[in-house]
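# Observations on the three-dimensional arrangement
In case you want the letters, here they are:
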Amino acid sequence: MARNAEKAMTALARFRQAQLEEGKVKERRPFLASECSELPKAEKWRRQIISEISKKVAQIQNAGLGEFRIRDLNDEINKLLREKGHWEVRIKDLGGPDYARVGPRMLDHEGKEVPGNRGYKYFGAARDLPGVRELFEKEPAPSLRKTRAELMKDVDAEYYGYRDEDDGVLLPLETQHEKQAVLEAVHRWRSDRESRLLVDKQDEEEEESIYTVHNEELEDDENREEQEGEEGGVSFIAHVPVPSQREVEEALVRRKKMELLQRYASETLQAQSQEARTLLGL
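Residues numbered from 1 in each chain as written. Predicted model: local features only at pLDDT ≥ 70, side-chain atom pairs only at ≥ 80, totals over all residues. Heavy atoms only, no water.

### A word on the overall build of the protein
Of regular secondary structure, the protein possesses 11 helices and 2 strands. Partitioning the intrachain contacts of the protein with sequence separation of at least 6 by distance along the chain shows that 52% fall at a separation of at least 24. When the accessible area of the protein is evaluated, it comes to approximately 24,500 Å², of which 52% is carbon and sulfur surface. (Helix = DSSP H or I, 4+ residues; strand = E, 2+ residues; numbered from the N terminus. Contact = heavy atoms within 4.5 Å. Areas by Shrake-Rupley, 256 points an atom, 1.4 Å probe, with all protein chains shown as cover.)

### A few points about the packing of helix α10 (residues 245-264) against helix α11 (residues 267-280)
A pair of packed helices is characterised by two quantities: the angle between their axes and the separation of those axes. Contact geometry of α10 with α11 gives a least axis separation of 10 Å together with a crossing angle of 145°. Between α10, through Met258, Leu261 and Gln262, and α11, the contact on the second element is made entirely by Gln270, Ser273 and Arg277. The residue inventory of the contact of α10 with α11, partitioned by class, reads 2 nonpolar, 3 polar and 1 charged. (Axes fitted to C-alpha atoms, helices over the stretch in contact; angles between N-to-C directions. Nonpolar A, V, L, I, M, F, W, Y, C, P; charged D, E, K, R; others polar.)

### Topic: the nonpolar core
Counting 22 residues, the largest nonpolar core has Ile53, Ile60, Ile70, Ile77, Trp87, Phe123 and Ala126 as the members making the most contacts within it. Taken together, the elements giving at least two residues each to this core come down to α3 (39-59) and α4 (67-93). The greatest single-element share of this core, amounting to 7 residues, is contributed by α4. (Core = buried A, V, L, I, M, F, W, Y, C linked by side-chain atoms within 4.5 Å. Buried < 20%, exposed > 50% of the residue type's maximum accessible area, 1.4 Å probe, protein only.)

### A look at the pattern of salt bridges
All chains considered together, the criterion is met by 9 salt bridges. For arginine 71, the salt bridge identified is with glutamate 67, shortest N-O distance 3.1 Å. Of the two residues, arginine 71 and glutamate 67 are both situated in helix α4; the distance of 4 residues between them amounts to about one turn of the helix. Here glutamate 67 falls in the partly exposed class, since its relative accessible area comes to 35%. A salt bridge links glutamate 259 to arginine 255; its shortest N-O distance comes to 3.7 Å. In this pair, glutamate 259 and arginine 255 both sit in helix α10, 4 residues apart, roughly one turn of the helix. (Salt bridge = Lys/Arg side-chain N within 4 Å of Asp/Glu carboxyl O.)

### Remarks on the environment of histidine 86
Among the structural elements, histidine 86 can be located in helix α4. On the basis of relative accessibility, which here comes to 52%, the residue histidine 86 falls in the exposed class. Separated by 40 residues in the primary sequence, histidine 86 and arginine 46 place their C-alpha atoms 9.3 Å from one another.

### Focus: α3
Helix length check: α3 (21 residues) gives 31 Å between terminal C-alpha atoms against 30 Å at 1.5 Å per residue, within 8%. Taken residue by residue, α3 has Ala42, Glu43, Trp45, Arg46, Ile49, Ile53 and Val57 as its buried positions. Buried residues of α3, viewed axially, fall in a sector of 160°; they line one side. For α3, the exposed residues lying more than 90 degrees away from the buried face are Pro40, Arg47, Lys55 and Ala58. (Expected span 1.5 Å × (residues − 1). Arc of directions from axis to C-beta.)

### Topic: the side chain of asparagine 78
Its place among the elements puts asparagine 78 in helix α4. Other than its neighbours up to four places away in sequence, asparagine 78 contacts Gly119, Tyr120, Lys121 and Phe123.

### Some details on a negative patch on the surface
A cluster of acidic residues, Asp154, Asp156, Glu158, Asp164, Glu165, Asp166, Asp167, Glu174 and Glu178, forms a negative patch at the surface. Along the chain, glutamate 158 turns up in the loop between α7 (148-152) and α8 (170-206). Under the relative-accessibility criterion, glutamate 158 is labelled exposed at 51%. (Patch = residues over 30% accessible without salt bridge, like charges linked within 9 Å, V, L, I, M, F, W, Y side chains within 5 Å. Lys, Arg positive; Asp, Glu negative; His and termini not counted. Charge placed at Lys NZ, Arg CZ, Asp CG, Glu CD.)

### Some details on a nonpolar patch on the surface
There is a patch of nonpolar side chains on the surface, built from Tyr159, Tyr160 and Tyr162 and spanning about 460 Å² of accessible area. For tyrosine 160, the location among the structural elements is in the loop between α7 and α8.

### A closer look at the side chain of lysine 84
With respect to the helices and strands, lysine 84 occurs in helix α4. Within polar-contact distance, the side chain of lysine 84 engages the side chain of glutamate 88 at 2.9 Å. Here lysine 84 is in contact with Arg46, Ile49, Ile50 and Ile53, once residues within four sequence places are set aside. (Polar contact = N/O pair within 3.5 Å; in protein donor to acceptor, adjacent residues only side chain to side chain.)

### A word on the packing of aromatic side chains
All told, the structure shown has 2 aromatic pairs when counted by the stated rule. Ring geometry for tyrosine 120 against tyrosine 122: centres 5.1 Å apart, planes inclined by 70°, an arrangement best described as edge-to-face. For tyrosine 120, a relative accessible area of 26% gives the class partly exposed. Between the aromatic rings of tyrosine 159 and tyrosine 160, the centroid separation amounts to 5.2 Å while the plane-to-plane angle is 90°, which identifies the pairing as edge-to-face. The exposure class assigned to tyrosine 159 is exposed, which follows from its relative accessible area of 57%. (Phe/Tyr/Trp six-rings, centres within 6.5 Å; stacked < 30°, edge-to-face > 60°.)

Printed below as a string of structure tokens:
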């Protein structure tokens, strides 16, 4: 097995050493930020990381890359972001500016702040992947139910309608409606009264008067009186009005009503009934 001294003398080793001396070989970024002890180099590596992030963010905007490629790109971007944070901490330790405090926010191609969950962020088409869209959908806030005390704060005089007349609109409308209702009631009462009087008049005309004495009846009465006088009998003549059958029935019904009122109705109801009769002229 060759020794280290012999390995260093190989052609490849000598060629690489020559390139390093000439400055043609690109220096690789340290794996750990703590290995860098120079502030300009730390700034250089941070700018390099930002350039890589920009390229990968531009690539992940293409939704036709496929789900697996998009997930890999999103993981790589988040890894570079964490590495950038480490270099910013190292820059601060070396006496440089605090980029975590004064640096701009991470924005996507639309200018919106990149959403994330516990430090992991989604870029471009990664936000439309299955299972990711649901993370950004905000649930509607539950409606808070008011307590009884909060409901009672809105209960005042206006709630019970005590201030309805203050606007000056309700009272004129009520007055107009009241006048119209009174006119309709008076018109209805007059029409009912006229129809009732007309019916009573027709009934009186149809009913036969018991006090009307026809000529034939007078002659029959005279002949009967003469015959009774000849036979020695006694004749009777009614000198008072005799009621008809209908008047007798109405009198009996009226008497029955009065008996029922006196038995079951109170004095106040009887007084009201008597007053109503007086007003109606019965």
